[in-house]
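What follows is the residue order along each chain.
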Amino acid sequence: MKFSATFSVLAAVLPYALAQSQEWGQCGGIGWTGPTTCVAGTVCTVMNAYYSQCLPGSASPSPTSTPATPPKSTPPTSTGAPAPSGSGLNKLAQAAGKKYFGTATDNSELTDTAYTAILDNIVEFGQLTAANSMKWDATEPTRGTFTFSSGDQIANLAKANGQLLRGHNCVWYNQLPSWVSNGQFTAADLTTVIQNHCGTLVGHYKGQVYSWDVINEPFNDDGTWRTDVFYNTLGTSYVEIALNAARAADPNAKLYINDYNIEQTGAKATAMLNLVKSLKSSGVPIDGVGFQCHFIVGEVPTSFQSVLEQFTAAGVEVAITELDIRMPTPASQANLQQQQKDYQSVVQACMNVEGCVGITLWDFTDKYSWVPSTFSGQGAACPWDQNLVKKPAYSGIVAAL
Ligand code: 9MR
């Protein structure tokens, strides 16, 4: 009697018990509905209230290790003192309840071993974004022919390092192959093109991506729609065509729209908020909005936190997806000090908003920043300098985390 009762309880839980998270996979946390046990050789370890992770190690705790206990974090001091050795941006962000602190990277940078020593350090970075190699020109240079080798290199690196991956991006007016931008498509044909591109791209990385920038930069700065091949051919419907294709291809990936100059109240932020509300009310899948945060030193918008709150109130999560803060070069000491304050206030805005899930730098070092080649006479935008040395900006981030 006792045996059979035990057996039937066991039988009832067995299907769930058998589903185990892989090494580095999530195994618990507030809101988590997936497996809560880990494959052999790994231990489900509480990183914070929102995130437990299968870390390599033995299931029987050694006298000095206490799996399933949150790592002790040293609270940052109010003076913004540098992090204690052994801590880093991702560790601090996760200890404070965020999913990740991450960075963009690019394939050509991965042969720089001094750079990758920092990039690969999960204490510093818990998430990667491919700066270029998952874009349309890289992944479908001719119609129907997909090339994923460069994107895979970043995805595989994130996996090897135990880092989350953000997918960037499916549909954007820029970095399109000419067969798309000059396509002369009918609406039906372009619909098929978008469905095939987003479906194949997102499907290729199914199960590996935390969130996808499905739509990138759909608006002009005055809040009107950007007139590109997608809008000109399909009107606003291209947004839902892409989102639906992405959802079908990877139902577990969070689907985002990502843009810049939506960080302050104004026409562009309002246009984005209205788009999110309209997609949600029509049942189109939309999970998040990415705030790129390409800022200028001394000009971080004061309304940033309240804008983030407006979006979370509309029922989406938010993330800082491409953070950098540029200044005239060569950098002055005064600007480097101001940049420290600016990084702190941007990160603090995300910390203050529960639905802000994470922060991504648009590369972490001035050595590989996109800024100098785009804005003549400007640069020094990242928290690490040209020589991979931390700048005051790093301490600003630590102070907020
Ligand atoms: O960092 C990217 C850079 O290497 C490319 O030359 C550039 C081309 O448009 O795109 C950069 O990344 C952009 C991102 O994809 C979207 N938001 C703006 C970023 C900086 O331009």
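Residues numbered from 1 in each chain as written. Predicted model: local features only at pLDDT ≥ 70, side-chain atom pairs only at ≥ 80, totals over all residues. Heavy atoms only, no water.

Naming follows an unreviewed UniProt entry, where the chain appears as Beta-xylanase of Dichomitus squalens. Recorded in UniProt under Pathway (unreviewed entry), the annotation for the chain is "Glycan degradation; xylan degradation." We quote the UniProt Sequence similarities (unreviewed entry) comment for the chain here in full: "Belongs to the glycosyl hydrolase 10 (cellulase F) family." (UniProt positions renumbered as here; feature names shortened; annotations may be inferred.)

K.L.:
Just to check I follow, could you spell out the overall build of the chain for this structure?
P.N.:
Counting its regular elements, the chain contains 14 helices and 13 strands. Expressed as a percentage of the 401 residues in the chain, the buried residues total 51%. Across the chain, the fraction of contacts at a sequence separation of at least 24, relative to all contacts at a separation of at least 6, is 72%. Of the accessible surface of the chain, which amounts to about 16,900 Å², a share of 55% is contributed by carbon and sulfur atoms. (Helix = DSSP H or I, 4+ residues; strand = E, 2+ residues; numbered from the N terminus. Buried < 20%, exposed > 50% of the residue type's maximum accessible area, 1.4 Å probe, protein only. Contact = heavy atoms within 4.5 Å. Areas by Shrake-Rupley, 256 points an atom, 1.4 Å probe, with all protein chains shown as cover.)

K.L.:
Could you clarify how one ought to interpret the site of the ligand in this entry?
P.N.:
Near the ligand, the surroundings consist of 13 residues, among which N132, K135, H168, E322 and W362 are the closest. Between the ligand and the protein, one listed contact pairs an oxygen atom with a side-chain N or O atom of N132 at 2.9 Å. Contact with the protein chains hides 75% of the accessible area of the ligand, taken as 450 Å² for the molecule alone. Here the residues of the shell around the ligand are counted per class, giving three nonpolar, seven polar and three charged. (Near = heavy atom within 4 Å. Polar contact = N/O pair within 3.5 Å; in protein donor to acceptor, adjacent residues only side chain to side chain. Nonpolar A, V, L, I, M, F, W, Y, C, P; charged D, E, K, R; others polar.)

K.L.:
Is there a simple way to explain the state of the cysteines in this structure?
P.N.:
By definition, a disulfide links the sulfur atoms of two cysteine residues through a covalent bond. Applying the stated criterion across every chain, the model contains one disulfide. Between C293, a cysteine without a disulfide, and C356, which holds the nearest cysteine sulfur, the sulfur-to-sulfur distance is 8.4 Å. (Disulfide = S-S within 2.5 Å.)

K.L.:
Which parts of the structure should I look at to understand the UniProt feature "active site" (unreviewed entry) in the chain?
P.N.:
Under the present numbering, the feature "active site" (unreviewed entry) in UniProt falls on E322. Structurally, E322 can be placed in strand β11 (residues 317-328). Leave out the neighbours within four places in its chain, and E322 touches H168, N258, F291, Q292, C293, H294, T360, L361 and W362.

K.L.:
Sorry, what's going on with the environment of L119 here?
P.N.:
For L119, the position within the fold is in helix α3 (residues 113-119). Separated by 39 residues in sequence, L119 and A158 place their C-alpha atoms 9.7 Å apart. Apart from the residues within four sequence positions on either side, L119 is in contact with T103, T105, L110, F125, L128, L157, N161, Q163 and F364.

K.L.:
Would you explain the pattern of salt bridges in this entry?
P.N.:
Side chains bearing opposite charge may pair, as long as their charged atoms lie close to each other. Under the definition given, this model contains eight salt bridges. The partner of D221 in a salt bridge is K268, and the shortest N-O contact between them spans 2.9 Å. With D221 in the loop between β7 (211-216) and α8 (229-234) and K268 in helix α10 (residues 267-281), this residue pair connects regions lying 47 residues apart in the sequence. Taking relative accessible area as the criterion, D221 reaches 48% and is therefore assigned partly exposed. Judged by its relative accessible area of 2%, K268 is buried. Residue E317 pairs with K254 through a salt bridge whose shortest N-O separation is 4.0 Å. Remark: K254 occurs in strand β8 (residues 254-259) and E317 occurs in strand β11; sequence separation between them is 63 residues. In this structure K254 comes out as partly exposed when scored by relative accessible area, which is 30%. When salt bridges with common partners are traced through the structure, they connect D221, D259 and K268 into a single cluster. (Salt bridge = Lys/Arg side-chain N within 4 Å of Asp/Glu carboxyl O.)

K.L.:
How do you make sense of the packing of helix α12 (residues 333-351) against helix α14 (residues 392-400) when you look at a structure like this?
P.N.:
For any two helices packed against each other, the geometry is given by the interaxial angle and the distance between the axes. Put simply, α12 and α14 touch, their axes get as near as 7 Å, and they point 25° apart. Classified by the interaxial angle, the pair formed by α12 and α14 is roughly parallel. Here α12 and α14 pass one another in a crossing that is right-handed. In this structure, α12 contributes L336, Q337, Q339, Q340, Y343, Q344, V347, Q348 and M351 to the contact, and α14 contributes P392, A393, S395, G396, I397, A399 and A400. The class makeup of the residues in the contact of α12 with α14 is nine nonpolar, seven polar and no charged. (Axes fitted to C-alpha atoms, helices over the stretch in contact; angles between N-to-C directions. Parallel < 35°, antiparallel > 145°, perpendicular 65-115°, else oblique. Left-handed = near helix turned anticlockwise from the far one by under 90°.)

K.L.:
Looking at this structure, how should I read the packing of aromatic side chains?
P.N.:
Aromatic rings considered in pairs are described by the distance between their centres and by the relative angle of their planes. Scanning the model with the defined rule gives 22 aromatic pairs in all. The structure contains a cluster of three or more aromatic residues connected by ring pairs, namely W136, W179, F185, F219, W225, F230, Y231 and Y238. Above the face of the F375 ring, R326 is positioned so that its terminal group lies 3.8 Å from the ring centre. Positioned over the ring face of Y394 is K390, at 4.3 Å from the centre of the ring. (Phe/Tyr/Trp six-rings, centres within 6.5 Å; stacked < 30°, edge-to-face > 60°. Lys NZ or Arg CZ within 6 Å of the ring centre and 35° of its normal.)

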